[in-house]
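Report on the structure
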Amino acid sequence: MSDVGRTIAEKILSEKSGTGARPGDIVKIEYDVAASHDLSTPQGVKRLDAWGASVKDPDRLAVVPDHMIPSHNERAQQNYTTCVEFAEREGIEHFYRQNETGLMHAVLPEDGIVKPGDVVIGSDSHTVTYGALGAFATGISYTDLAFAWAEGWTWLRVPETVRIDYVGKPDDWVRGKDLILHTLGQLGVDGAVYQALEFGGPLLEKLPMDDRFSMSHMAIEAGAMVGIFEADDTMREYAKGRVDGTFTCYESDDDAEYDQTLTVDCNGLEPEVAVRSLPANAKPIREVAGVEIDQAVVGSCTNCREEDLQVAAEILDGRTIAEDVRMIVTPGTRKIQQTALEEGWMEIFNEAGATFGSPGCGACFGEHIGVLDEDEVAVSTTNRNFIGRMGANSSEAYLANPASAAAPALAGELVNLERGVV
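Cut-off values and rules
- Position labels on residues start from 1 in each chain and follow its written sequence.
- Local features are withheld for residues below a pLDDT of 70 in this predicted model, meaning they are given only at 70 or higher, and side-chain atom pairs are given and counted only at 80 or more; totals for whole chains, interfaces and linings count all residues.
- Working from all heavy atoms in the structure, the side-chain values ignore hydrogens and water.
- A run of H or I in DSSP counts as a helix once it spans at least four residues, and a run of E counts as a strand once it spans at least two, with each numbered from the N terminus.
- A radius of gyration in this sense is built from C-alpha atoms; the matching globule rule multiplies 2.2 Å by the number of residues raised to 0.38.
- In what follows, residue pairs with any heavy atoms lying within 4.5 Å of each other are defined as contacts.
- In short, Shrake-Rupley with a 1.4 Å probe defines the accessible areas, and a residue's cover is counted only from the protein chains shown.
- Only four residue types enter the charge count: Lys and Arg as positive, Asp and Glu as negative, with His and the chain ends excluded.
- Charge placement uses NZ in Lys and CZ in Arg. For Asp and Glu, CG and CD serve respectively.
- When accessible area is computed with a 1.4 Å probe and restricted to protein chains, residues below 20% of their type maximum are described as buried, those above 50% as exposed, and intermediate ones as partly exposed.
- We define a polar contact as two N or O atoms separated by no more than 3.5 Å, with the added condition that, inside protein, one atom must be a possible hydrogen donor and the other a possible acceptor, whereas residues neighbouring each other in sequence contribute only through side-chain atom pairs.
- Being paired, for any two strands, means DSSP has found at least two bridges between them.
- Under this scheme, a helix contributes an axis fitted over its contacting stretch, all axes are lines through C-alpha atoms, and angles between N-to-C directions fall in the 0 to 180 degree range.
- Method remark: on a 1 Å grid restricted to protein atoms, a set of points is classed as a cavity if a 1.4 Å probe fits but cannot get out and as a pocket if it is open with protein on both sides within 12 Å along at least five of seven lines; lining residues have an atom within 4 Å of a point.
- Grid points are joined across faces, edges and corners, and a volume is the space filled by probe spheres set on the points.
- Side-chain classes follow a simple rule in which Ala, Val, Leu, Ile, Met, Phe, Trp, Tyr, Cys and Pro form the nonpolar group, Asp, Glu, Lys and Arg form the charged group, and the remainder, Gly included, forms the polar group.
- Like-charged residues are merged into a patch within 9 Å and nonpolar side chains (Val, Leu, Ile, Met, Phe, Trp, Tyr) within 5 Å, provided each residue has over 30% relative accessible area and no salt bridge.
- Here a salt bridge means any side-chain nitrogen of Lys or Arg lying within 4 Å of a carboxyl oxygen belonging to Asp or Glu.
- To qualify as a nonpolar core, a set must consist of buried Ala, Val, Leu, Ile, Met, Phe, Trp, Tyr and Cys residues joined through side-chain atoms within 4.5 Å.

1. Things to note about the overall build of the chain
The secondary structure content of the chain amounts to 12 helices and 18 strands. Scaling as 2.2 N^0.38, a compact globule of 422 residues should have a C-alpha radius of gyration of about 22 Å, and the chain matches this with 21 Å. Projected onto its principal axes, the C-alpha positions of the chain cover 60 × 50 × 40 Å. Partitioning the contacts of the chain with sequence separation of at least 6, the portion at a separation of at least 24 is 76%. Carbon and sulfur atoms make up 42% of the accessible area of the chain, which amounts to about 15900 Å² in all. The positive charge centre, built from 34 side chains, and the negative charge centre, built from 70, are 4 Å apart in the chain.

Now the structure itself:
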């Protein structure tokens, strides 16, 4: 077994633990980044204070209030205040105040805090997003977070790896969101529990980083511990433009052993949509075309980046949102918001009748803005469509890519974007 090659996940955990890590091993890891937001940080602080402990290495922490910013009630403001006081008390440099914050899973790669080869732990299940950068990134509990703060390390079980190769040529409107929805439809919501999904194949070689973040982000929806991309020039160039210092991009050995390998044939793949009430309930959007909607959402840490906003703006340009439809657009960070302003996308959204929200989680989790009423229907670029996720239990959410979310806002119903036609 010792002579068998290793996967990307095994290589990173071997390097960080100083062991020959193999699937099933429990390894002690000195993480590179421990990330938390305004819902999770206060929970970790409670545990830290109960133990009478303090943060061992504040330089490795990142605290990014993003779920309920700006605060919409007293509880939200109390959470934010706790984050401020914790950051000041512990000397946490990577703390994002309200006037500089954005979505945690967008600002950390953008600012070069997360880099290829890192081990990232976060008290949010979508910490897996950073796998797009070739990092081993996974979510942990509040208690595990507080322990990691205090001790500077954490335990991780080395996962088996599922290799997924994407081949073929999909339709013009297909994005990374469609690829991962299609994959979830094949794997199911429990198809990769505590495993590493390793994304590769010729179709992904030219896939933009924005789409890669969407794919890694939703690996958790199959139960995966991490969704990691193999290294290539696109990943390296993205990192070089943001990271100070050196980093390591890992690739699996040719003789690495996988728990399973999948080839996803994307020839003729159409834009997909996940129907109520699981992300894995994926099907071509044409099969549900005509379903009337009340709300359209473009944003969340799944699809909040420049290319996401750009494609939505191109569809809305010169048009008006249907009278009975609400549309919410939220950029991932203030830098992305500034780009939207400079490129004229913000003006397009405004003139079309959309609501342009501040950088943050927005309507994703039915807590802050855009909450759905009884029996309302939304099409959204967010990550989950669980019952009650975005509002009332009787509401419905269809998950889609930015183009497939913007077009229904104009039509008032789900529509199939034909090849080459807006």
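2. Let's talk about the side chain of S395
On the secondary structure map, S395 appears in the loop between β17 (377–380) and β18 (396–399). Judged by relative accessible area, which is 7%, S395 ranks as buried. One polar contact links the side chain of S395 to the main-chain carbonyl oxygen of A392, over a distance of 2.5 Å. Not counting residues within four places of it along the chain, the set of residues in contact with S395 comprises R276, L372, D373, D375 and E376.

3. A short note on the side chain of H67
Relative to the assigned elements, H67 resides in the loop between β3 (61–63) and α3 (74–90). A polar contact of 2.6 Å, which involves the side chain of H67, links it to the side chain of D66. Each residue touching H67, except ones within four places of it in the same chain, is listed here: H37, D38, L39, D124, C361, F365 and H368.

4. Thoughts on the sheet that holds strand β10 (residues 226–229)
Strands belonging to one sheet form pairs held by backbone hydrogen bonds; the direction of such a pair is parallel or antiparallel. One open sheet accounts for 4 strands, arranged β10-β9-β8-β11; its pairing is parallel. Edge strands, defined here as strands with exactly one partner in the open sheet, are β10 and β11 (260–265). Mean inter-strand twist for the sheet, computed between neighbouring axes without regard to direction, equals 20°. Relative to β10, strand β9 (residues 196–200) is paired through 4 bridges, and the arrangement is parallel. Of the residues in β10, the one forming a bridge with A196 is V226.

5. Brief notes about empty space enclosed by the protein
All told, the structure shown has 1 cavity of 30 Å³ or more when counted by the stated rule. In terms of lining, the largest cavity is formed by R276, L372, N385, F386, I387, G388, R389, M390, S395, E396 and A397. Each residue belonging to the lining of the largest cavity can be placed in one class, and the counts come to 5 nonpolar, 3 polar and 3 charged.

6. Let's talk about a negative patch on the surface
Judged by side-chain charge, E292, E323, D324 and E413 come together as a negatively charged surface patch. Mapped onto the fold, E323 is located in the loop between α9 (306–316) and β15 (326–329).

7. Thoughts on the sheet that holds strand β4 (residues 94–95)
With parallel pairing, the 5 strands of this open sheet are ordered in space as β4-β3-β2-β5-β6. In this open sheet, the two edge strands, each paired with only one partner strand, are β4 and β6 (136–139). Looking at chain direction, strand β2 (residues 33–36) and β3 are connected through 3 bridges and run parallel. Its bridge partner lying in β3, A35 is registered against A62. Those strands touched by helix α5 (residues 142–151) are β2, β3 and β5 (119–122), and its axis lies near 135° from that of β2.

8. Details of the nonpolar core
Ranked by size, the top nonpolar core spans 48 residues in total, and within it L108, Y166, L179, L197, F199 and M215 carry the most contacts. Mapped by element, the contributors of at least two residues to this core are β2, α4 (104–110), β8 (161–167), α6 (176–187), β9, α7 (209–217) and α8 (233–240). Residue contributions to this core peak at 5 residues, all from α6. What M215 contacts, discounting residues up to four positions off in sequence, is Y166, G176, L179, I180, F199, L204, L207 and F229. L13, A34, L48 and Y80 belong to the second largest nonpolar core, which has 37 residues in total.

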